[in-house]
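A look at the structure
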Amino acid sequence: MKHLLTLKNYSEEEILDFIKLAEKIKKRPKRFSKKLSRKTLLMLFAKPSLRTHLSFDIAMYQLGGHAIFYDLSHSVLGEKESIKDFSKVTSRYVNIIMARLYEHEQLEELSRYSSVPIINGLTNFSHPCQILGDLLTIKEKFGKLNGIKLTFIGDADNNITTSLIYACPKVGIKLKIICPKQLKPKIQGKYSLSYNPADAKGDIIYTDTWYSYHVEKSQYAKRKKLLRKFQVNKKLLGNAKFMHCLPASRNEEVTDEVMDSRQSLVYDQAENRLHIEKSILLRLLK
Ligand code: NVA
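Residues numbered from 1 in each chain as written. Predicted model: local features only at pLDDT ≥ 70, side-chain atom pairs only at ≥ 80, totals over all residues. Heavy atoms only, no water.

Okay, a positive patch on the surface next. A grouping of Lys-144, Lys-149, Lys-174 and Lys-190 is seen on the molecular surface, where their side chains present a positively charged patch. Relative to the helices and strands, Lys-144 resides in the loop between helix H5 (128–142) and strand S5 (149–153). Looking at Lys-144, the relative accessible area reads 42%, which means it is partly exposed. (Patch = residues over 30% accessible without salt bridge, like charges linked within 9 Å, V, L, I, M, F, W, Y side chains within 5 Å. Areas by Shrake-Rupley, 256 points an atom, 1.4 Å probe, with all protein chains shown as cover. Salt bridge = Lys/Arg side-chain N within 4 Å of Asp/Glu carboxyl O. Lys, Arg positive; Asp, Glu negative; His and termini not counted. Charge placed at Lys NZ, Arg CZ, Asp CG, Glu CD. Helix = DSSP H or I, 4+ residues; strand = E, 2+ residues; numbered from the N terminus. Buried < 20%, exposed > 50% of the residue type's maximum accessible area, 1.4 Å probe, protein only.)

The next thing to look at is the site of the ligand. Surrounding the ligand, one finds Leu-122, His-127, Asn-158, Asn-159, Asp-208, Thr-209, Ser-212, Tyr-213 and Leu-246. In this structure, a nitrogen atom belonging to the ligand sits 2.8 Å away from a side-chain N or O atom of Asn-159. One of the backbone nitrogen or oxygen atoms of Tyr-213 is found 2.8 Å away from an oxygen atom of the ligand. (Near = heavy atom within 4 Å. Polar contact = N/O pair within 3.5 Å; in protein donor to acceptor, adjacent residues only side chain to side chain.)

Here H5 spans 21 Å end to end across 15 residues, near enough to the 21 Å set by a 1.5 Å rise per residue. Across the 15 residues that make up H5, a large majority, 11, are buried. Those residues of H5 that fall on the buried side of the exposure criterion are Pro-128, Cys-129, Gln-130, Ile-131, Leu-132, Gly-133, Asp-134, Leu-135, Leu-136, Thr-137 and Ile-138. Trailing H5 by a residue or two, Gly-143 shows a phi angle of about 75°, which is positive. (Expected span 1.5 Å × (residues − 1).)

Once that is clear, we can look at the packing of helix H1 (residues 12–27) against H5. Running from N to C, H1 and H5 point in directions that differ by 65°, and their axes come no closer than 10 Å. One way to sum up the angle between H1 and H5 is to call them roughly perpendicular. In terms of crossing hand, the pair formed by H1 and H5 is right-handed. From H1, Ile-15, Phe-18, Ile-19, Ala-22, Glu-23 and Lys-26 reach across to H5, where they touch Leu-132, Leu-135, Leu-136, Lys-139 and Glu-140. Looking at the contact of H1 with H5 residue by residue, the class counts come to seven nonpolar, no polar and four charged. (Axes fitted to C-alpha atoms, helices over the stretch in contact; angles between N-to-C directions. Parallel < 35°, antiparallel > 145°, perpendicular 65-115°, else oblique. Left-handed = near helix turned anticlockwise from the far one by under 90°. Contact = heavy atoms within 4.5 Å. Nonpolar A, V, L, I, M, F, W, Y, C, P; charged D, E, K, R; others polar.)

Let us look at the nonpolar core. Core analysis: the largest hydrophobic core is formed by 57 residues, its most contacted members being Ile-119 and Leu-281. Of all hydrophobic cores here, the second largest spans 16 residues; its members include Leu-72, Leu-110, Val-116 and Ile-118. (Core = buried A, V, L, I, M, F, W, Y, C linked by side-chain atoms within 4.5 Å.)

To continue, consider the side chain of Ser-111. Its place among the elements puts Ser-111 in helix H4 (residues 104–113). For Ser-111, a relative accessible area of 9% puts it in the buried group. The contact partners of Ser-111, leaving out residues within four places of it in the chain, are His-3, Leu-5 and Ile-118.

See the structure below:
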């Protein structure tokens with residue numbers, strides 16, 4: 001049994017296999033319509049979600065299975081009931097669990113006691129499903145992954161950047177990170193780092209919100225000031241394609257003009273979450 005908490009322990013072969021299967025499913029979805037018949041996915045959410053919630057729910061339905069939404073936002077997980085008990089109980093009911101939690105350590109604890117696979121639906125540290133979907137999008141748009149130059153610009157001390165750092169080098173994508181010194185990635189990896197927005201070049205410019213779910217509201221004004229010159233506008237984008245995991249704060253980290261331009265891949269990224277979630281579910285339930 002394998003969990004998907006981060007892409008750190010996934011090999012190049014496993015990552016490419018997720019993408020290949022997603023491509024097959026996207027082409028012929030009906031062929032897979034009974035693959036998860038009588039299987040149940042439990043979806044745990046401690047934070048809001050649009051894409052992750054809908055794509056997993058619809059993926060289960062279209063694979064012939066069933067998804068249960070369980071809102072943790074007002075729950076006392078880890079307080080009134082230990083994560084250990086929660087995990088042992090829920091994993092007796094369902095075949096697989098996807099969880100969106102605040103602390104990555106909570107997810108690790110959940111997985112330690114679970115008898116079924118756990119999928120990370122986003123923590124403060126990692127968002128592997130998003131990046132797997134993004135690799136599918138890049139492959140579709142460029143016909144390859146190996147040799148593509150991707151620049152991430154903005155808040156680089158977050159889940160999206162961590163996941164890019166784990167995934168990109170494995171599939172041959174050259175990753176550059178541009179951010180304020182105070183918001184540089186906390187993990188080591190194979191990427192080049194710059195603090196100068198003028199260095200933003202490559203086939204793809206990728207950014208993310210300045211206010212991730214785990215960032216406290218009291219930090220917003222400070223971040224806005226710090227990140228202002230890292231905004232992706234038309235001039236910074238040049239001829240590159242634009243990527244964003246969404247939700248986007250329009251005219252903050254990215255301008256309307258870029259979001260709505262022909263270079264923007266954001267809605268393809270969102271759609272591909274559905275195809276990649278199916279692939280992840282099938283592979284982890286194999
Ligand atoms: N970094 C963002 C990603 C949202 C999908 C956040 O954690 O809020």
